[in-house]
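Examining the three-dimensional arrangement
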Amino acid sequence: QKEVEQNSGPLSVPEGAIASLNCTYSDRVSQSFFWYRQYSGKSPELIMSIYSNGDKEDGRFTAQLNKASQYVSLLIRDSQPSDSATYLCAVKNRGNQFYFGTGTSLTVIP
Amino acid sequence: GAVVSQHPSRVICKSGTSVKIECRSLDFQATTMFWYRQFPKQSLMLMATSNEGSKATYEQGVEKDKFLINHASLTLSTLTVTSAHPEDSSFYICSARDRLAGISSYNEQFFGPGTRLTVL
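Everything in this summary refers to the structure shown in the same document. (Residues numbered from 1 in each chain as written. Chains lettered and ligands numbered in written order. Predicted model: local features only at pLDDT ≥ 70, side-chain atom pairs only at ≥ 80, totals over all residues. Heavy atoms only, no water.)

1. Notes on the overall build of chain B
Within chain B one finds 0 helices and 11 strands. Taken from N to C terminus, the helices and strands of chain B fall in the order β-β-β-β-β-β-β-β-β-β-β. Against the 2.2 N^0.38 benchmark of 14 Å for 120 residues, chain B shows a C-alpha radius of gyration of 14 Å, consistent with a compact globule. Counting only C-alpha atoms and orienting by the principal axes, one finds that chain B spans roughly 40 × 25 × 25 Å. Going through the 120 residues of chain B one by one, you find that 48% of them count as buried. Considering only intrachain contacts with a sequence separation of at least 6, the fraction spanning at least 24 residues in chain B is 56%. Surface exposure of chain B reaches about 6000 Å², of which carbon and sulfur atoms provide 52%. Separation of charge centres in chain B, based on 12 positive and 10 negative side chains, amounts to 5 Å. (Helix = DSSP H or I, 4+ residues; strand = E, 2+ residues; numbered from the N terminus. Rg over C-alpha atoms; globule rule 2.2 N^0.38 Å. Buried < 20%, exposed > 50% of the residue type's maximum accessible area, 1.4 Å probe, protein only. Contact = heavy atoms within 4.5 Å. Areas by Shrake-Rupley, 256 points an atom, 1.4 Å probe, with all protein chains shown as cover. Lys, Arg positive; Asp, Glu negative; His and termini not counted. Charge placed at Lys NZ, Arg CZ, Asp CG, Glu CD.)

Laid out in structure tokens, this is it:
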């Protein structure tokens, strides 16, 4: 069983729309959750981190965590073409190791 | 702050040779560094966890004799791909955790820019 699962997409949204990215994880005791953005040929860059149930907002980005359902999501409001990238969900386990999902490819259409 | 560098950024080598990749934390000390491999259109796969002054912990399926990891100081970890073959061609990325981050779960990892390895 994969530790972190994401819909690989591709996901296409028009410019200005809301993009919704989802992630589930298997280790129930995981405490830290991260969303990274990765452009082709580059290493990931951190967008959001979330540790508590509920929503966390940062600019156009909102992370949502539901530990009971083992589910974490990322909403991107007012999507821009520059948001087109692969979004990786990552979960940190008790050993401080990070496990990544397969990533969701997002394309924002101008 | 929290800058991680990798060297080289790109390497092309012949099959059978060994390649060393360096990962450095430039402005912080990292007791733990992680090595990942990423094949095209796939996610990052954790290969090993490198702890300063001790042996690396390898993920299941990763050959420790093929991927040698040395973490001799708080700012440097190296990954050596021994007797590289074309199937080892990949994007290798390291990351580091700040030693001063403590035991809080509220800390992330900082990624290096990656090393593109091509084995001919």
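2. Brief notes about the sheet that holds strand β1 (residues 4-7) of chain B
Residues and elements named next belong to chain B. If you trace the 4 strands from one edge of the open sheet to the other, you get β1-β3-β8-β7, paired in antiparallel fashion. Looking at the sheet topology across the chains shown, the edges are occupied by β1 and β7 (67-73). Between one strand and the next, the sheet's axes are offset by a mean angle of 15°, whatever the strand orientation. Sheet analysis places β1 next to strand β3 (residues 19-25), joined by 4 bridges and oriented antiparallel. Note that in β3 the partner of Q6 across the bridge is C23. (Pairing = 2+ DSSP bridges. Axes fitted to C-alpha atoms, helices over the stretch in contact; angles between N-to-C directions.)

3. Considering the interface of chain B and chain A
With 20 residues of chain B at the contact, the number on the chain A side is 20 residues. The tally of links from chain B across to chain A stands at 0 salt bridges. Counting across the interface, chain B meets chain A through 5 residue pairs in polar contact (both at pLDDT 80 or more). The class makeup of the residues in the side of chain B that touches chain A is 9 nonpolar, 7 polar and 4 charged. (Salt bridge = Lys/Arg side-chain N within 4 Å of Asp/Glu carboxyl O. Polar contact = N/O pair within 3.5 Å; in protein donor to acceptor, adjacent residues only side chain to side chain. Nonpolar A, V, L, I, M, F, W, Y, C, P; charged D, E, K, R; others polar.)

4. Thoughts on the sheet that holds strand β8 (residues 71-76) of chain A
Residue and element names in this part refer to chain A. One open sheet holds the 5 strands; their spatial order is β1-β3-β8-β7-β6, and the pairing between them is antiparallel. Each of the sheet's edge strands pairs with one partner strand only, and the pair in question is β1 (4-6) and β6 (54-58). Each adjacent strand pair in this sheet contributes to an overall mean axis angle of 20°, direction not counted. The pairing of strand β3 (residues 19-25) with β8 spans 6 bridges and is antiparallel. When the sheet's bridge partners are listed, L21 is paired in β8 with L74.

5. As for the nonpolar core
Counting 38 residues, the largest nonpolar core has W35, Y87 and F100 of chain A together with Y36 of chain B as its most contacted members. Residue contributions to this core peak at 6 residues, all from strand β9 (residues 85-92) of chain A. Aside from chain neighbours lying at most four places away, what touches Y36 of chain B is F98 and F100 of chain A together with L44, M45, L46, M47, F91, Y92, I93, S95, Q109 and F111 of chain B. By size, the runner-up hydrophobic cluster in this structure holds 24 residues, among which are V11, A30, M33 and V119 of chain B. (Core = buried A, V, L, I, M, F, W, Y, C linked by side-chain atoms within 4.5 Å.)

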